[in-house]
Amino acid sequence: MVTRYEEDFKKSIVEMVKAGRRPDELSKEYGPSANLIRNWVKKYAPVEVNGESISADELKKLRKENAILKEELEILKRAAVLLAKH
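In this text the structure is predicted, and so the values were computed from the model without any measurement.

Draft legend 1. Inspection of the side chain of Ser-55 at higher detail. Along the chain, Ser-55 falls in strand β2 (residues 52-55). When sequence neighbours within four positions are dropped, the list of residues in contact with Ser-55 reads Lys-43, Tyr-44, Ala-45 and Pro-46.

Here it is, written out as structure tokens:
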């Protein structure tokens, strides 16, 4: 059976790691494996990008949104070319 953890729980564990607690001690206390906690830290801990903090999860969402916007822009460019011909 796979245990699913709530996002708030994951983020609170990440905050504890950022405050200096070790993943192995949190694993013993709260249940998820130390490796799983390390993965959460990678996912939720903010990263500095051009002086701004952003989590890996937020970066992934922004990249996906950017790809969608680029695709929409290409569609609009093609439509503009077709309309200009008429």
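Draft legend 2. How the structure looks around the packing of aromatic side chains. For the coordinates displayed, the defined rule picks out 4 aromatic pairs. Consider the rings of Tyr-5 and Phe-9, whose centres lie 5.2 Å apart with planes at 20°: the pair is stacked. Owing to a relative accessible area of 23%, Tyr-5 belongs among the partly exposed residues under this scheme. Seen from their ring centres, Tyr-5 and Trp-40 are 5.4 Å apart, and the 75° between their planes marks the pair as edge-to-face. With Tyr-5 in the segment before α1 (7-18) and Trp-40 in helix α3 (residues 34-44), this residue pair connects regions lying 35 residues apart in the sequence. With relative accessibility at 5%, the residue Trp-40 sits in the buried group. An aromatic cluster is defined as three or more aromatic residues linked by ring pairs; in this entry it consists of Tyr-5, Phe-9, Tyr-30 and Trp-40.

Draft legend 3. Representation of the nonpolar core in the model. Of all hydrophobic cores here, the largest spans 10 residues; its members are Ile-13, Val-14, Met-16, Val-17, Leu-26, Ile-37, Trp-40, Val-41, Tyr-44 and Ala-45. Going through the elements one at a time, α1 and α3 are the ones with two or more residues in this core. Not counting the four nearest positions on each side in its chain, Tyr-44 is found in contact with Glu-7, Lys-10, Lys-11, Val-14 and Ser-55.

About the criteria used
- Residues numbered from 1 in each chain as written.
- Predicted model: local features only at pLDDT ≥ 70, side-chain atom pairs only at ≥ 80, totals over all residues.
- Heavy atoms only, no water.
- Helix = DSSP H or I, 4+ residues; strand = E, 2+ residues; numbered from the N terminus.
- Contact = heavy atoms within 4.5 Å.
- Phe/Tyr/Trp six-rings, centres within 6.5 Å; stacked < 30°, edge-to-face > 60°.
- Buried < 20%, exposed > 50% of the residue type's maximum accessible area, 1.4 Å probe, protein only.
- Core = buried A, V, L, I, M, F, W, Y, C linked by side-chain atoms within 4.5 Å.

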